[in-house]
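Residue-level structural notes
Single-letter residue listing:
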Amino acid sequence: MDLIEAARGLIPVRRRVRIGVTGLRRSGKTSLLTSLAVNLLAEGRGVAALPALRAQLNGRRMRVAIPPAGASSMPRFDALAKSASLAADPPDWPKPTDAVSLLALDIDITRPGMFSALPQRLRLEFVDYPGEWLLDLPLLGQNYADWATGTLRRLETLPEARDFMGFVRGLPAGMSADEDLILSGHNLYVATLRALQTNGFSLLQPGRFLMPTPGDQPPWQHFFPMAGSSRLASLMQQRYDAYVAAVRDELSAPGFAHIDRLIVVADLLSALHAGRTAFDDASAALGLVARALSRREPLPLLPSWLQPWGISRIAFAATKADHVASRQRANLQALMARLTDTPARAVSQSFSIAAINCTEDFVWTLDARPVSAVRGHVAGQGVVRSYPGEVPDRPPELSDWAHPFLSLPHFTPKRLDPGGRGVIPQIELDRLLVFLLEDML
Amino acid sequence: MSETRITPRLEVENPQAGRLEPESLPMVLPTKGSDRGTLSMVAMGVGVLMAGLSALSIGNFVADQFSRAPWLGWTTLAIAATGVGLIGVAVWRELSFLHRLDDVDRLRADLANPARAREAAKSWLGTLPQAAGIEAALNATDSPDAIMALLRAGPGRILADEAQTLGRIAAGQMLAVTAAVPYPALDGLIVALRGIRLVRQVASLYGFRPGTLGTIALLRRTLLSGVYVTSANIAVDTLVKAAISNPHLQTLAGDVAGAGVAARRMVVLARATAAACSPLSAEG
């Protein structure tokens, strides 16, 4: 027992751990936060909802409560309302969040032996960091010219970007900085990003174009990628620099500062199913994020808890792992690990999780061969069997795309306790939580 | 990919089937063991012998008295029936108290259940004089969390304050008594007796009237909740200091070894008993 840790119990304040939860769009952040909150509350009531966490506590008891919001300016994540909608009949999946929100949980953990009267007091603060904004992190280490060149190269072949690319190519050399023209170009670019987002693309920058910060947009938010060295291009560069500076300032703001653990989630199974272009796009986005997170160097002479972006642990999680049988989840985890494999300052680990486990495994005999498959309930169809194919443990080769990979049914959650106050079945969420907190438990 | 790989498949297994049922998860809170220990069995055996042999003796004695004279028999029977009846009433009270103690757990479960929270809150409030005027607010709330917040801020707070007052009074008495008693060996006995009385006082506050067995059961329960209460409230020391704000008592607490510890135990015991008796114990 660490005496310093025990001495903390004497002080009637809680040690705050701020955990950012972010991820590519539609990857299940809302479900993850809901499941975390409900299952931690259930653990506090003595129900073995998170077995790995229970094993880590090694017999110590835990009390969990949602503290009052106080005078916080950040909206609260209403996990219990979302859980209630999951438990309703018919169930309703939680609506994706479209703003920053905070889920706070107070946790008291008893200590063994002579320190039993000095509990460990933690306040876990999960910050729902919008996935769109996550992709602004790579911009912090990139100048306008590099970003614009890379973006235009990527858009060249995409049908969704035809109008915008036509506009950019049609700009005359030495174009002056006309505000109406800039606004047209900006709107065309935002429309392109929205179309790409609708079609399942993830690498969409700048993120605040898709999810603006509240309030009126300042003029520097109106820019778009273009090549050349005209006065217009020069103004675009200035506005890009102002945008990057604003992102940097925001990361030091009270809401996001002191995030010292991070969960990055991505729905790789859907990306595999959507095809090569969507998968490559998701891979590129994840790789960029992983590199951006590894690049954040600590400020000299400041302890880790004072660093503006001093993340010490990062969990990369492939979500919706309940859509594949347990035998294949190791492959999904390995795939996630390969896509985010980058030398990092923080300790990182990959997981394949299902925040809300909707299925059960079974062995299905297909083409006279037994395969591991899943079964679950689909609204309007009853119980459905699904063999979604083999999940690769590495990014698929070009030839692999000739075969369809996966088809993912929209399973409904298992029956939950009325009101959603019970337990939400999960896969590997407990291990992820233990990884994030093991140095404090 | 090999050419023989199995293509993805999706098939309806049962169109009529409803949502899947989750696996039930075990509760891991301490549970009552079904195995009796050796001492318990010895105690039960002694109890059965005492009760059984006493009953037989009484029966024989009454029969013997009838054989001497009818009026003597009837008189003996009336005395025996009155005595046994009183014992029966006491046993009934103990058992009903133990049952009511289990009701606290049921009430806690109901208050945590959104479908039953409001009715559970009303049934609890019906037993409390401290609940006057809260029903209108209770009817206006729209969520179990709001109901719990209302109960905690209203009757829960009042009851906890009253329990705290009882604890402070006991703490002050402990300081005075431990300083006055000339034999340190008696300190432990005095603390134990005052502690039991305090447990019964606090239980009465919450609507219980425990007898001896009930107090033992409540003490066991209090010990469990005590872990949380002591751990959750470092402010106990402050309460003890408040309890001994009298300068004379402060001098005593400084001079008499163990007096402060005894006082502190009373405050903690009051809070732990309140936590054990309250369906809102999660507030700690």
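Keep in mind that what you see is a predicted model, and the values were worked out from it rather than measured.

So, how was this worked out
- Residues numbered from 1 in each chain as written.
- Chains lettered and ligands numbered in written order.
- Predicted model: local features only at pLDDT ≥ 70, side-chain atom pairs only at ≥ 80, totals over all residues.
- Helix = DSSP H or I, 4+ residues; strand = E, 2+ residues; numbered from the N terminus.
- Contact = placed C-beta atoms within 7 Å.
- Buried ≥ 20, exposed ≤ 12 C-beta atoms within 10 Å, placed from the backbone.
- Expected span 1.5 Å × (residues − 1).
- Bend = angle between axes of the 7 residues up to and from the residue.
- Pairing = 2+ DSSP bridges.
- Axes fitted to C-alpha atoms, helices over the stretch in contact; angles between N-to-C directions.
- Core = buried A, V, L, I, M, F, W, Y, C linked by C-beta atoms within 7 Å.
- Parallel < 35°, antiparallel > 145°, perpendicular 65-115°, else oblique.
- Left-handed = near helix turned anticlockwise from the far one by under 90°.
- Nonpolar A, V, L, I, M, F, W, Y, C, P; charged D, E, K, R; others polar.
- pLDDT = per-residue confidence, 0-100.

Looking only at helices and strands, one finds 14 helices and 10 strands in chain A. Here the analysis covers contacts within chain A between residues at least 6 apart in sequence; of these, 76% occur between residues at least 24 apart.

The next subject is the overall build of chain B. The secondary structure content of chain B amounts to 10 helices and one strand. The order of α-helices and β-strands along chain B, N terminus first, is β-α-α-α-α-α-α-α-α-α-α. For chain B, the proportion of its 284 residues judged to be buried stands at 25%. Sequence-distant contacts in chain B: of pairs separated by 6 or more residues, those separated by 24 or more amount to 71%.

Here we come to helix H5 (residues 144-180) of chain B. Spanning 37 residues, H5 of chain B covers 50 Å between terminal C-alpha atoms, matching the ideal 54 Å at 1.5 Å per step. Remark: the principal bend of H5 of chain B, roughly 45 degrees, maps to Gly-156 of chain B.

Moving on to the sheet that holds strand E1 (residues 9-14) of chain B. Reading across from one edge, E8(A)-E9(A)-E10(A)-E1(B) is the order of the four strands in this open sheet, with antiparallel pairing throughout. Strand pairing shows two members of the sheet lacking a second neighbour, strand E8 (359-366) of chain A together with E1 of chain B, which therefore form its edges. For this sheet, the mean inter-axis angle between neighbouring strands, taken without regard to orientation, is 35 degrees. Here strand E10 (residues 382-387) of chain A runs beside E1 of chain B; their pairing, made up of five bridges, is antiparallel. Each bridged residue has a counterpart across the sheet, and for Tyr-387 of chain A the counterpart in E1 of chain B is Arg-9 of chain B.

Residues and elements named next belong to chain A. One open sheet holds the seven strands; their spatial order is E2-E3-E4-E1-E5-E6-E7, and the pairing between them is mixed. Pairing within the sheet leaves two strands with one partner each, and these edge strands are strand E2 (62-65) and strand E7 (347-352). Put simply, the sheet's adjacent strands are angled 20 degrees from each other on average, direction ignored. In terms of strand pairing, strand E6 (residues 313-318) meets E7 through six bridges, oriented parallel. Looking at E7, one finds that Phe-316 is bridged to Ser-350. Where helix H2 (residues 29-44) meets the sheet, its contacts fall on strand E1 (15-23), E2, strand E3 (101-109), strand E4 (120-128) and strand E5 (259-266), and the angle it forms with E2 comes to roughly 130 degrees.

One finds Leu-268, Val-289 and Leu-432 of chain A to be the most contacted residues of the largest nonpolar core, which totals 108 residues. Discounting chain neighbours no more than four positions away, the residues touching Leu-268 of chain A are Ala-282, Ala-318, Leu-332, Leu-335 and Met-336 of chain A. In terms of nonpolar packing, the next biggest core, distinct from the first, is built from 29 residues, Ala-160, Val-199, Val-267 and Ala-272 of chain B among them.

Residues and elements named next belong to chain A. Where helix H7 (residues 162-170) meets helix H8 (residues 179-198), the axes come as close as 8 Å, and the angle between the chain directions of the two elements is 150 degrees. The pairing of H7 with H8 is recorded here as roughly antiparallel in orientation. Handedness of the crossing formed by H7 with H8: left-handed. On H8, the residues that touch Asp-163, Phe-164 and Phe-167 of H7 are Gly-185, Leu-188, Tyr-189 and Thr-192. Class assignment of the residues belonging to the contact of H7 with H8 gives a composition of four nonpolar, two polar and one charged.

Turning next to the confidence of the model for chain A. When the pLDDT values of chain A are averaged, the result is 83; 88% of them are 70 or greater. Summarising per-element confidence for chain A, the mean pLDDT is lowest in helix H1 (residues 3-8) of chain A (54) and highest in helix H14 (residues 429-437) of chain A (93).

Residues and elements named next belong to chain A. The omega torsion of the bond from Asp-89 to Pro-90 falls at 5 degrees, within 30 degrees of zero and hence cis. You can see Pro-90 is positioned in the loop between helix H4 (79-87) and E3. Residue Gln-205 is joined to Pro-206 through a cis peptide bond whose omega torsion reads -5 degrees. Of note, Pro-206 is situated in the loop between H8 and helix H9 (207-210). If you check the backbone angles, Asn-58 has positive phi at about 55 degrees while not being a glycine. Relative to the elements of secondary structure, Asn-58 occurs in the loop between helix H3 (51-57) and E2. Positive phi, normally seen in glycine, also occurs at Ala-368, with a value near 65 degrees. Looking at the secondary structure, you find Ala-368 in the loop between E8 and strand E9 (369-378).

Residues and elements named next belong to chain B. Confidence in the prediction for chain B averages 75 pLDDT; 74% of positions are at 70 or higher. Here helix H8 (residues 236-243) stands out as the least confident element of chain B, with mean pLDDT 50; helix H1 (residues 38-68) is the most confident, with 88. In this model, residues 30-34 is a region of pLDDT below 50 whose contacts with residues beyond four sequence positions or in other chains number zero contacts. Every residue in residues 227-239 is under pLDDT 50, and counting partners more than four places away or in other chains gives 30 contacts. Predicted complex metrics record ipTM = 0.72 and pTM = 0.67.

As a further point, take the environment of Ala-271 of chain A. Residue and element names in this part refer to chain A. Considering the arrangement of structural elements, one finds Ala-271 in helix H11 (residues 268-274). Separated by 11 residues in sequence, Ala-271 and Ala-282 place their C-alpha atoms 6.9 Å apart. Excluding residues that lie within four positions of it along the chain, Ala-271 makes contacts with Ala-278, Phe-279 and Ala-282.

What follows covers the pairing of E9 of chain A. Residues and elements named next belong to chain A. Two strands pair when backbone bridges link them, and E8 and E9 are joined in this way by eight bridges, in the antiparallel orientation. Paired with Asp-361 across the bridge in E9 is Val-374. Pairing of E9 with E10, which is carried by five bridges, proceeds in the antiparallel orientation. Of the residues in E10, the one forming a bridge with Val-378 is Gly-382.

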